[in-house]
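# Architecture at a glance
Residues per chain, in single letters:
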Amino acid sequence: MSSTTTTISALDRRTFFRGAGLTAAAILGTGLLGACSSAVGEQKAGAGAGASGTPVRGGTLQAGITADVIPSTFLTNTAGSTTVIGLAYDSLVRYPHDKVEPVPRLAKSWQLAADGLSLTLDLRDDVTFHSGRPFTSTDAEFSIRTYADPKWTAQLRSTAAAITTFDTSDPHRLGLTFAHPLGNIFDLLDTVPILDRESIDKLSAGEAFVGTGPFKLVSRTPNTALVFERNEHYWIPDRPFLDRVEVAIIPDSQALLSSLKSGQVAVASGLNYRDNETLGRTAGFQSVSLEGAELQVYVGANVTHPALADVRVRQAIAYAVDRDRVVAEVFRGSGYPVNLPWPKTSPAYDEAKNRTYVRDVAKAKAVLAEHGAPVPELPLTYQAGNPFYEATAQIVQANLAEVGIPVRLDPQEGAAFVKQLIGGTIPGLWTTFHSWAQYVPSTLTVSAYPFNALKNASHYENPAYVDAADAAWQVVDGTGAEATARYRAVSDQLLDGLFLVEIGVVLNQLAAARKVHGIDWTKRSEIVYTDAYLA
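What you see is a predicted model; the values in this text were computed from it and never measured. (Residues numbered from 1 in each chain as written. Predicted model: local features only at pLDDT ≥ 70, side-chain atom pairs only at ≥ 80, totals over all residues. Heavy atoms only, no water.)

## Describing helix α16 (residues 481-497)
Since there are 3.6 residues in each turn of an α-helix, residues three or four apart along the chain are aligned in direction. Put simply, the rule is: Here a helix means four or more residues in a row that DSSP labels H or I, a strand means two or more in a row labelled E, and each is numbered from the N terminus. Given the number of residues in a helix, its expected span is that number minus one, multiplied by 1.5 Å. Relative accessibility decides the category of a residue: with a 1.4 Å probe and only protein chains considered, values under 20% of the type maximum give buried, values over 50% give exposed, and everything between is partly exposed. Residues count as neighbours in contact if any of their non-hydrogen atoms are within 4.5 Å of one another.
Given a rise of 1.5 Å per residue, 17 residues ought to cover 24 Å, and the 25 Å separating the end C-alpha atoms of α16 matches this to within 8%. Those residues of α16 not exposed but buried are A483, Y487, V490, S491, Q493, L494, L495 and G497. Of the surrounding elements, those touching the buried residues of α16 are α9 (311-320), α14 (441-447) and α15 (463-473). A positive backbone phi angle near 50° is found at L498, which sits one or two residues after α16.

## Digging into the pairing of strand β11 (residues 225-230)
On a regular strand, one side chain projects to one face of the sheet and the next to the other, so that they alternate. Definition in use: Any two strands between which DSSP finds at least two bridges are classified as paired.
Of the pairings in the sheet, the one linking strand β10 (residues 215-221) to β11 comprises six bridges and is antiparallel in character. Its bridge partner being in β11, K216 is matched across the sheet by E229. Where β10 hands over to β11, the hairpin turn is made up of three residues, of which N223 adopts a positive phi near 60°. Summarising the sheet, β11 and strand β12 (residues 244-249) pair through five bridges and their orientation is antiparallel. By the bridge assignment, A225 is partnered in β12 with A248.

## Some details on the layout of surface pockets
What counts is decided by this rule: Only protein atoms enter the 1 Å grid used here. Points where a 1.4 Å probe fits but cannot escape make up a cavity, open sets with protein on both sides within 12 Å along at least five of seven lines make up a pocket, and a residue lines them when an atom lies within 4 Å of a point. Grid points are joined across faces, edges and corners, and a volume is the space filled by probe spheres set on the points. Lys, Arg, Asp and Glu make up the charged group, whereas Ala, Val, Leu, Ile, Met, Phe, Trp, Tyr, Cys and Pro make up the nonpolar group; the residues left over, Gly among them, are polar.
Its boundaries defined by the atoms lining it, the second largest pocket holds a volume of some 260 Å³. Lining the second largest pocket are 15 residues; nearest its centre among them are R94, R105, D520, V528 and D531. Of all elements in the fold, only β5 (103-104) and β23 (520-521) reach the threshold of two or more residues within the lining of the second largest pocket. Of the residues in the lining of the second largest pocket, the class split is seven nonpolar, three polar and five charged.

## Overview of the packing of aromatic side chains
Our working definition: Side-chain rings of Phe, Tyr and Trp (the six-membered ring for Trp) are treated as a pair once their centres are within 6.5 Å; stacked means planes under 30 degrees apart, edge-to-face means over 60, and tilted covers the remaining angles.
On inspection of all chains with the given rule, the structure shows 17 aromatic pairs. Between Y234 and W235, the aromatic rings sit 5.5 Å apart at their centres with planes inclined by 50°, giving tilted as the arrangement. Pair check on accessibility: Y234 and W235 agree, each one buried. Ring geometry for Y273 against F388: centres 5.5 Å apart, planes inclined by 35°, an arrangement best described as tilted. With Y273 in helix α8 (residues 273-280) and F388 in helix α12 (residues 387-403), the pair connects residues that are 115 residues apart, well separated along the chain.

## Some words on the sheet that holds strand β18 (residues 407-412)
The mixed open sheet is built from six strands, whose spatial order is β16-β20-β15-β19-β17-β18. Two strands bound the open sheet, and with one partner strand each, they are β16 (336-337) and β18. Examined bridge by bridge, strand β15 (residues 295-301) and strand β19 (residues 429-434) share six bridges and lie antiparallel to one another. Of the residues in β19, the one forming a bridge with V299 is T431.

## Thoughts on the nonpolar core
Condition: Buried Ala, Val, Leu, Ile, Met, Phe, Trp, Tyr and Cys residues that are joined via side-chain atoms within 4.5 Å together make up what is termed a nonpolar core.
Within the largest apolar cluster, 151 residues are counted, with the highest numbers of intra-cluster contacts made by F74, F228, I405 and Y529. Apart from the residues lying within four places of it in its own chain, the contact partners of F228 are V84, L87, A88, F215, K216, L217, V218, D243, R244, V245 and V247. Of all hydrophobic cores here, the second largest spans ten residues; its members include L256, V265, L271 and F285.

## A few points about the confidence of the model for the protein
We count it as follows: Every residue carries a pLDDT, the predictor's confidence in it, which falls somewhere between 0 and 100.
Averaged over all residues, the pLDDT of the protein is 89; the fraction at 70 or higher stands at 90%. Note that pLDDT drops below 50 for residues 1-48; the model gives that stretch 172 contacts with residues more than four away or on any other chain.

## A look at unusual backbone geometry
If a residue is not glycine, its phi is most likely negative; likewise, a peptide bond is most likely trans. Following R239, the chain continues to P240 via a peptide bond in cis, the omega torsion being -5°. The topology assignment puts P240 in the loop between β11 and β12. One non-glycine residue, T153, lies in the positive phi region at around 45°. Relative to the elements of secondary structure, T153 occurs in the loop between α3 (137-148) and α4 (157-161). A positive phi angle is found at L498, which is not glycine, with a value near 50°. In this fold, L498 is placed in the loop between α16 and β20 (500-506). For L498, a relative accessible area of 4% corresponds to the buried category.

Structural data, given as structure tokens:
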């Protein structure tokens, strides 16, 4: 290949985000929101759930999920896309469950410049797409550029857009140049699936999903089933073990539970937490906690609402919410209360700051007294039919009534809720999950929709917050001492602005028959069956 260096113009992040429509994908976490981990009978998986004995080659794994892949939101980490990406695609690097330190995947090694302005990745030379075409640096460039395209409404677009130059002169080496240091560059490389440029139009139409992953998608019946077969030419020797994975799409969680109990499926993603807890205690089944793929449950506030515009009202809400009760009752103790989004494994986690707002009815009433005016009835919007959101909303409603803030529950159909969240049209309060805090902390405040310093569902604007978010983002090492110090400033801004009231960190979960071994996952809850087998 002749030497070529291709360039895209650097985008100012402020301009990029003020004009861009963002997706609710990271807001709501992932497509596996239907369950959280049980504290009882749980099978934890480091190298894979239930891994024991000698792996058995062959066989067909039947799995069940609650929603099909939506081609237009393929890169937004929602619904069935997590299933398809987990089985059929690879990324350049992958984070382990418990830290944000990249491990080689399609990039076997790399060198980050001391000034943080460039990165060179050496790529594997033994990887092919499912079509048989060799994977090269041009494909890596294409995938990152596609991820940055507003058409796909991907979450880390600001980071992808800050790559100013791609050097693909060597088919097995990719050179990247940045507009400024990117402390979360490996978050991007962990997240972007390597896409086949020759079939991207078919992907957009939902007709083909061609990757380099361990399984090939050979059949899709929309809203009914996805069928995968073993990639005989996968770059990891002797993987995968399974011959075939058949995924049934079963929107009703009780029907999905029945399918698991009856043996029609052996893995179920999307059961409610009570059912997962029961299955974890039941002979022949296991409950798998997706550690490292944490979600956060929170209460959001539209600060353009006249009452919520006063931070003292938001402070009263923060003092009133019974986080311990939500974690204990709604999530069965499978998480822990927080005031800030960061899980305990994050370099931004600060135990002291997480005690800034604890339930204190007297303080909540005192802050409201300072506010002076009575608070009118506030709507609390949530996604109807989701037991976590409904139960959380009911507790929040009772908590706020106790301090003198009347709340009216406002359940909305799922698509309508997401549309309102993206459009910033939720009129008062809302409760849902968000994700991305399990990554380098700067990713949350420059990417995730509820937190984005430049444009968020709360309509919260503060130059100091923007400056803190940018400063934390533009460091060489996103987990180093300098970055950690800057994350403290971000956390202070979040606690001062309080446009989001965090409740707790919770873990996603799936249930499986005990005959299934070696289940794994990414930090985005993409289920990985590379090492899975039936025994």
